[in-house]
Amino acid sequence: ALLKRLARAQLSTAGQVRRLHELLCFLRAYPDDARVLSQVKVMLEGKEVPGERVLVYDCDGYYMGVGLAEKLAREGKRVTFLTPFSLVSPFSTFTLEAPRLNRQLRALGVELLPEHVVERIEPGSVHGCHVYATERALQWEVDAVVLATQRVSDAGLFRALSERRDKLEREG
């Protein structure tokens, strides 16, 4: 159904083409599956994460991924934390939270795997590799995956208002 709707879509701007490309790449790597959840569904919508074994894939680099891992571990889940960054929550080094966060996650039993990327998610497993050893495929057995990844920004309103700044300031 989605592909039929996309086939009829009129893409008139480069931004629309870019967003479609990002969507298709996302769908290829992260299938539409009840076991693949976003941080929004878990944290804001209160969506329950199924199963016991959960992989948190963090491309945010600050509080969202580690917060999800902590929440799920405290709920009794066996959590594997995967991130392409060299450090778990690298931005937290600037706020002096990194040592406490790392100790806390380890104390909760979270398996921390920095410098790893997800290549594919299938029912029951996640496939990926180490960022510096891409030729060696890795696999993690999981019941669910929670993604703390970047979302496509839409700065259209900001640009539209910025183009009218003088008029808006004159009119108050």
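For every chain, the first residue of the written sequence is number 1, and numbering continues from 1 onward in sequence order. The predicted nature of this model means local features are confined to residues of pLDDT at least 70 and side-chain atom pairs, given and counted, to a pLDDT of 80 or more, with totals for whole chains, interfaces and linings taken over all residues. Side-chain numbers come from the whole structure's heavy atoms, not from hydrogens or water.

Undergrad: Quick rundown of the packing of aromatic side chains? Include the residues and the values.
TA: Stacked, edge-to-face and tilted labels apply to pairs of Phe, Tyr and Trp rings (six-membered ring for Trp) whose centres lie within 6.5 Å, assigned for plane angles under 30 degrees, over 60, and everything in between, in that order. Here the structure, examined in full by the defined rule, presents three aromatic pairs. Here the aromatic rings of Tyr62 and Phe91 are separated by 4.8 Å at their centres, their planes lie at 75°, and the arrangement is edge-to-face. Of this pair, Tyr62 sits in the loop between β2 (53-58) and α4 (63-74) while Phe91 sits in the loop between β3 (78-82) and α5 (98-107), placing them 29 residues apart in sequence. For each residue, the accessible area found with a 1.4 Å probe, counting protein chains only, is set against the maximum for its type, and the residue is called buried under 20%, exposed over 50%, and partly exposed in between. For Phe91, a relative accessible area of 41% puts it in the partly exposed group. In textbook terms, an aromatic cluster arises when at least three aromatic residues are bridged by ring pairs, as seen for Tyr62, Tyr63, Phe91 and Phe94. A run of DSSP states H or I qualifies as a helix once it reaches four residues; a run of E qualifies as a strand once it reaches two. Both are numbered from the N-terminal end.

Undergrad: Give me the lowdown on the pattern of salt bridges, citing residues and values where you can.
TA: A pair is scored as a salt bridge if a Lys or Arg side-chain nitrogen falls within 4 Å of a carboxyl oxygen belonging to Asp or Glu. Under the counting rule described, the total for this entry stands at six salt bridges. Among the salt bridges present, the one from Arg165 reaches Glu169, with a minimum N-O distance of 3.0 Å. One end of the pair, Arg165, and the other, Glu169, are both in helix α7 (residues 165-171), four residues apart, so they sit about a helical turn from each other. For Arg165, a relative accessible area of 54% corresponds to the exposed category.

Undergrad: Outline a nonpolar patch on the surface, listing residues and values.
TA: Patch membership is restricted to residues that have no salt bridge and whose relative accessible area is over 30%. Joining uses 9 Å for like charges and 5 Å for the nonpolar side chains Val, Leu, Ile, Met, Phe, Trp and Tyr. Exposure was quantified through the Shrake-Rupley algorithm and a 1.4 Å probe, taking into account, for residues, occlusion by the shown protein chains and nothing else. Taken together, Leu157, Leu161 and Leu168 make up a surface patch of nonpolar side chains, about 270 Å² in accessible area. With respect to the element layout, Leu157 can be found in helix α6 (residues 156-163).

Undergrad: Tell me about the side chain of Gln104, and name the residues and values.
TA: For Gln104, the position within the fold is in helix α5. A polar side-chain atom of Gln104 sits 2.7 Å from a polar atom in the side chain of Glu70. In this description, contact between two residues means that some pair of their heavy atoms is separated by no more than 4.5 Å. In this structure, Gln104 is in contact with Glu70 and Arg74, ignoring residues within four places of it in sequence. We define a polar contact as two N or O atoms separated by no more than 3.5 Å, with the added condition that, inside protein, one atom must be a possible hydrogen donor and the other a possible acceptor, whereas residues neighbouring each other in sequence contribute only through side-chain atom pairs.

Undergrad: Describe the environment of Asn102, listing the residues and the values that go with them.
TA: Tracing the sequence through the fold places Asn102 in helix α5. Spatially, the C-alpha atom of Asn102 lies 7.3 Å from that of Val88, the residues being 14 residues apart in sequence. Excluding its chain neighbours within four sequence positions, the residues that come into contact with Asn102 are Val88 and Leu112.

Undergrad: Requested: an account of α5, with residues and values cited.
TA: Residues Ala98, Leu101, Asn102, Gln104 and Leu105 constitute the buried set of α5. All buried residues of α5 fall inside an arc of 165° around its axis, so they share one side. Exposed and facing more than 90 degrees away from the buried side of α5 are Arg103, Arg106 and Ala107. Of the surrounding secondary structure, the elements contacted by the buried residues of α5 are α4 and β4 (111-113). Looking at the residues trailing α5, positive phi occurs at Gly109, about 85°. To obtain the arc, one takes the directions from the helix axis to the C-beta atoms.

Undergrad: Give a detailed account of the sheet that holds strand β5 (residues 116-122), specifying residues and quantitative values.
TA: Taken together, three strands build an open sheet; the order of strands is β5-β6-β7 and the sheet is antiparallel. Since the sheet does not close on itself, it has two edges, and those belong to β5 and β7 (133-141), each with one partner. Ignoring which end each strand starts from, the neighbouring axes of this sheet average 25° apart. Here the rule is simple: two strands pair whenever DSSP picks up at least two bridges between them. Here strand β6 (residues 125-130) runs beside β7; their pairing, made up of five bridges, is antiparallel. Paired with Gly128 across the strands is Leu138, a residue of β7. For helices, the axis comes from a line fit to the C-alpha atoms of the stretch in contact; other axes are also lines fit to C-alpha atoms, and the angle between any two N-to-C directions lies between 0 and 180 degrees.

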